[in-house]
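Overview (structure and organization)
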Amino acid sequence: MSRPLTPLALTVLRMLCDGPMHPYEMQQRIRDYAYDKAVKITHGSLYHTVERLAACGLIEPLETSREGRRPERTTYAVTVAGRDAAQIRLAELLHDPAEEFPLFGTGLAFVNLLSEGEVARLLRSRTVALEAALAAHQTAHDALRKQGLDRYKLLDQEWMIARVRGELEFTRGLVDDLDSGRLTWKDDEVQIRCHPRPRPRHGDKGDS
């Protein structure tokens with residue numbers, strides 16, 4: 001495989017390292033272990049990834065079976081090359097900080113296109129959404145721990161909880177700074193140009 005393994009490809013290989021299974025079983029395990037909280041997964045993308053890994057020789061079909069009138073299901077196993085590729089990619093993800101471009105950062109970069117009051121209002125709404133997300137992640141994590149999952153299987157959720165908590169604290173701080181006036185761009189020329197004062201209508205005072 002010439003391109004680096006995608007997060008979903010790594011997920012498939014990791015699950016097959018536990019033993020052979022068919023894509024439907026992979027879907028079930030993804031939900032059971034909340035892998036979909038760490039990796040973006042859809043029904044179609046999972047099957048496409050399985051086919052691509054098989055074409056590259058990283059996994060191989062073992063058998064195809066059918067139960068009643070259900071569609072055929074092919075069971076796959078990881079190959080030696082697939083296990084090696086998964087270990088190499090995992091080492092890269094843990095060792096090399098990736099340059100990512102989160103959308104929130106894009107919004108913050110151009111924040112002066114809106115007024116301070118509008119930004120404060122939007123960020124207050126964001127804190128509500130972040131509080132709900134934090135509670136949901138914590139609930140899911142606690143439920144899996146109660147089911148007996150070892151901590152190392154939930155490190156991705158721990159990281160997500162820490163990330164959301166950090167973003168929530170940062171956003172609350174921005175709102176406080178905007179409300180207090182410690183953060184302002186009211187004299188910024190870009191903000192003034194983007195929000196020009198309305199011109200007086202014909203006949204209004206000041207019309208020449």
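Here goes a summary of the coordinates provided. (Residues numbered from 1 in each chain as written. Predicted model: local features only at pLDDT ≥ 70, side-chain atom pairs only at ≥ 80, totals over all residues. Heavy atoms only, no water.)

**Observations regarding the packing of aromatic side chains**
Scanning the entire structure with this criterion turns up 1 aromatic pair. Each ring, one from Tyr33 and one from Tyr35, has its centre 5.9 Å from the other, and the planes form 70°; the classification is edge-to-face. Classification of Tyr33 as partly exposed rests on a relative accessible area of 29%. Look at Tyr35 and you get partly exposed, because its relative accessible area is 23%. Here the guanidinium or amino end of Arg73 rests over the ring plane of Tyr24, the centre of that ring lying 4.2 Å away. We note Arg126 situated over the ring of Phe104; from NZ or CZ to the ring centre the distance is 3.7 Å. (Phe/Tyr/Trp six-rings, centres within 6.5 Å; stacked < 30°, edge-to-face > 60°. Buried < 20%, exposed > 50% of the residue type's maximum accessible area, 1.4 Å probe, protein only. Lys NZ or Arg CZ within 6 Å of the ring centre and 35° of its normal.)

**Details of a nonpolar patch on the surface**
On the surface, Phe110, Leu113, Leu114 and Leu122 cluster together into a nonpolar patch covering about 350 Å² of accessible area. Residue placement: Leu114 occurs in the loop between helix H5 (103-109) and helix H6 (116-146). (Patch = residues over 30% accessible without salt bridge, like charges linked within 9 Å, V, L, I, M, F, W, Y side chains within 5 Å. Areas by Shrake-Rupley, 256 points an atom, 1.4 Å probe, with all protein chains shown as cover. Salt bridge = Lys/Arg side-chain N within 4 Å of Asp/Glu carboxyl O. Helix = DSSP H or I, 4+ residues; strand = E, 2+ residues; numbered from the N terminus.)

**Quick look at the pattern of salt bridges**
Under the criterion given, the structure shown has 10 salt bridges. Among the salt bridges present, the one from Arg89 reaches Glu92, with a minimum N-O distance of 3.0 Å. Placement of both Arg89 and Glu92 in helix H4 (residues 80-95) is noted, with a separation of 3 residues, approximately one turn of the helix. Look at Glu92 and you get partly exposed, because its relative accessible area is 33%. Each of the salt bridges in this network shares a partner with another, and the network as a whole consists of Arg14, Asp18 and Arg29.

**Overview of the side chain of His22**
With respect to the helices and strands, the residue His22 is situated in the loop between helix H1 (7-16) and helix H2 (23-32). By relative accessible area, His22 is classed as buried at 15%. Residues within four places of His22 in sequence aside, it is in contact with Arg73, Thr74 and Thr75. (Contact = heavy atoms within 4.5 Å.)

By themselves these figures say nothing about function.
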